[in-house]
Amino acid sequence: MKHIYKGLVLCGAFAFSAMQVQAQTTLEDFENLAAELEGDEKVEVAFRSVDEQDLLGGVSVIDMEELNKKAYTTYSLDFLENVVGGVSGNIWGNDGYLVVVDGMVRDANNVLPSEIDNIVVLKGAQAVVLYGPRASKGVIQITTKRGKVGDIQIDVNVNSGMYVPKSYPKYLGSAEYMTLYNEALVNDGSAPTYSAQDIYNHASGLNPYRYPNLDMYDGEYLRKMYNRTEAIAEIQGGSDRVQYYTTTGYYREGSALKYANNADNYISRFFVRGNMDLKLNDILTAQADANVTFYDSYTAKGNWWSNAASLRPNRVAPLIPLEYIEEADKATWATINASNHLIGGKYFLGGTQLDPTNPIADAYAAGDSKFVSRQFQFNTKFNIDLKNVT
């Protein structure tokens, strides 16, 4: 009997211990839940950091670091329309919103998605209260990544992809265009412009320089695909006193055009960003950020796509072989001899009184446009904790 009592006491003790463990676990769960509800996630707003749950209405937060793990994009604000209501190229229908990067008014193009920690969208009165009347049409506030306490961490990402047009427009040939143009004139009660002989000459292709059949969407001028490649390296780490984050990268993008100087069209960007957080003492902390960006682009002059949509196929032969020009045509030969734009010594850039120039001639002789941008940006911020004073 004595052993039975001892067994009951031990069972009761184990049961009580189990209840204590269960109670402790449940209490811990509630504490974790409370911490989540209190908003341990800090969000950078003007001049300070606040808990996400303390943000006022009209404020939306996007965790770009998490989004970048699920989807790839090349522009810093591409995700906004998918995630934030009321954003569609503008904020609540208002164009001209203010872009702020790490507390300074910057250009959204000068920060890549891989550099961003989070984006805060401020709408309505919340934006004006923080940034004044220039933010009346909304604010997009970008916070770049910062270092974390821990061992050095190095991440390298390389992305390469091909831009492949699904299809190019079917360009209407000269004979078909001239036939339909005559038909439209007749339907309007006017006489046709092109004779049957003219239409036949353009359709036959016997002399494509006198009777051109220009197709600006032909494979002679356009690539089936072109490439964009980028490589980005990130290094971060630090101690309780110093945390650092730095990233560097380069990307280059080609063009669908492959004719004459257009074949060399490109866009490139090289950048270096470094963010450092310093704890000088218990009441004074500092941040020092630097960003360097080298941006270059090259484009042959002329608007190829606009001309491709409007230039008639029967009007211009872009390149005329010199052997097709009659020796007795003294005026034309005088123009040719005075020209600086003989292509390969065999072709003369063609044109007419109605179309004195064309995009193919522009691609050879109109020159090019080079854009060069060099940006150097530096931010320094000091935080003083006045809790011992106030």
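Residues numbered from 1 in each chain as written. Predicted model: local features only at pLDDT ≥ 70, side-chain atom pairs only at ≥ 80, totals over all residues. Heavy atoms only, no water.

**Some details on the packing of aromatic side chains**
Two aromatic rings are characterised by how far apart their centres lie and by the angle between their planes.
Here's step 1: Applying the stated criterion to the full structure yields 13 aromatic pairs.
Here's step 2: The interplanar angle of 80° and the centroid separation of 4.8 Å between the aromatic rings of Tyr221 and Tyr259 together place this pair among those described as edge-to-face. Residue Tyr221 is found in the loop between helix H6 (196–204) and strand E9 (226–238), and its partner Tyr259 is found in the loop between strand E10 (242–253) and strand E11 (266–279); the two are separated by 38 residues along the sequence.
Here's step 3: One aromatic cluster is present, built from ring pairs that chain together Tyr168, Tyr171, Tyr217 and Trp305.
Here's step 4: Lying over the aromatic face of Tyr251, Arg228 brings its terminal NZ or CZ to 4.2 Å of the ring centre. (Phe/Tyr/Trp six-rings, centres within 6.5 Å; stacked < 30°, edge-to-face > 60°. Helix = DSSP H or I, 4+ residues; strand = E, 2+ residues; numbered from the N terminus. Lys NZ or Arg CZ within 6 Å of the ring centre and 35° of its normal.)

**Details of unusual backbone geometry**
Here's step 1: Even without glycine at this site, Asp102 takes up a positive phi of about 50°.
Here's step 2: By the secondary structure assignment, Asp102 is in the loop between strand E4 (98–101) and strand E5 (104–105).
Here's step 3: Its identity as a non-glycine residue notwithstanding, Ala260 has a phi of 55°, on the positive side.
Here's step 4: Mapping Ala260 onto the fold places it in the loop between E10 and E11.

**Some remarks on the side chain of Asn358**
Here's step 1: Here Asn358 lies in the loop between strand E15 (347–349) and helix H9 (359–365).
Here's step 2: Here Asn358 falls in the buried class, since its relative accessible area comes to 2%.
Here's step 3: Polar contacts involving the side chain of Asn358 include one to the main-chain amide nitrogen of Ala361, which spans 2.8 Å.
Here's step 4: Non-local contacts of Asn358, meaning those with residues more than four positions away in its chain, are made with Leu311, Val316, Pro318 and Gly350. (Buried < 20%, exposed > 50% of the residue type's maximum accessible area, 1.4 Å probe, protein only. Polar contact = N/O pair within 3.5 Å; in protein donor to acceptor, adjacent residues only side chain to side chain. Contact = heavy atoms within 4.5 Å.)

**Quick word on helix H5 (residues 174–187)**
Here's step 1: Compared with an ideal rise of 1.5 Å per residue, which puts 14 residues at 20 Å, H5 spans 20 Å between its outermost C-alpha atoms and is within 8% of the ideal.
Here's step 2: Ser174, Ala175, Tyr177, Met178, Asn182 and Leu185 are the residues of H5 that are buried. Angular distribution of buried residues about the axis of H5 spans 165°; they occupy a single face of the element.
Here's step 3: Packing partners of the buried residues in H5 comprise H6.
Here's step 4: Gly189 sits one or two positions beyond H5 and adopts a positive phi of about 85°. (Expected span 1.5 Å × (residues − 1). Arc of directions from axis to C-beta.)

**As for the confidence of the model for the chain**
Here's step 1: Per-residue confidence for the chain averages 83 on the pLDDT scale, and 85% of its residues sit at or above 70.
Here's step 2: At the level of individual helices and strands, the chain shows its lowest average pLDDT in helix H1 (residues 2–38), which scores 40, and its highest in E10, which scores 97.
Here's step 3: Confidence drops under a pLDDT of 50 for residues 1–39, and excluding neighbours within four residues, the segment shows 7 contacts in the predicted structure. (pLDDT = per-residue confidence, 0-100.)

**What about the layout of surface pockets?**
Here's step 1: In this model, the second largest pocket occupies a volume close to 670 Å³.
Here's step 2: What lines the second largest pocket is a set of 23 residues, and nearest its centre among them are Tyr209, Arg210, Ile320, Gly351 and Thr352.
Here's step 3: Among the residues making up the lining of the second largest pocket, the classes are represented as 11 nonpolar, 8 polar and 4 charged. (1 Å grid on protein atoms, 1.4 Å probe; cavity = no way out; pocket = protein on both sides within 12 Å on 5 of 7 lines; lining within 4 Å. Points joined across faces, edges and corners; volume = space filled by probe spheres on them. Nonpolar A, V, L, I, M, F, W, Y, C, P; charged D, E, K, R; others polar.)

**Considering the pairing of E9**
Here's step 1: Judged from the 12 bridges that link them, strand E8 (residues 150–163) and E9 form a sheet pairing that is antiparallel. Among the inter-strand pairings, Asp155 is bridged to a residue of E9, identified as Glu234.
Here's step 2: Relative to E10, E9 runs antiparallel, the two being bridged by 11 bridges. Looking across to E10, one finds that Ile232 is bridged to Gly249.
Here's step 3: Count of turn residues in the E9/E10 antiparallel hairpin: 3 residues. (Pairing = 2+ DSSP bridges.)

**A short note on a nonpolar patch on the surface**
Here's step 1: Residues Tyr250, Phe270, Val272, Phe294, Phe376 and Phe378 make up a contiguous nonpolar surface patch of about 580 Å² in total accessible area.
Here's step 2: Breaking the nonpolar patch down by element, the ones donating at least two residues are E11 and strand E16 (368–384).
Here's step 3: The topology assignment puts Tyr250 in strand E10.
Here's step 4: Looking at Tyr250, the relative accessible area reads 38%, which means it is partly exposed. (Patch = residues over 30% accessible without salt bridge, like charges linked within 9 Å, V, L, I, M, F, W, Y side chains within 5 Å. Areas by Shrake-Rupley, 256 points an atom, 1.4 Å probe, with all protein chains shown as cover. Salt bridge = Lys/Arg side-chain N within 4 Å of Asp/Glu carboxyl O.)

**A closer look at the side chain of Thr247**
Here's step 1: Residue placement: Thr247 occurs in strand E10.
Here's step 2: Setting aside residues up to four positions removed in sequence, Thr247 forms contacts with Glu115, Ile232, Ala233, Glu234, Phe271, Val272 and Arg273.

**Side note on the sheet that holds E9**
Here's step 1: With antiparallel pairing, 6 strands are arranged side by side in an open sheet as E8-E9-E10-E11-E12-E16. In this open sheet, the two strands that pair with only one neighbour each are E8 and E16. Across the sheet, the axes of successive neighbouring strands diverge by a mean angle of 5°, strand direction being ignored.
Here's step 2: Bridge count for E10 against E11 is 12 bridges, and the pairing is antiparallel. Bridging across to E11, Tyr245 finds its partner in Asn275. (Axes fitted to C-alpha atoms, helices over the stretch in contact; angles between N-to-C directions.)

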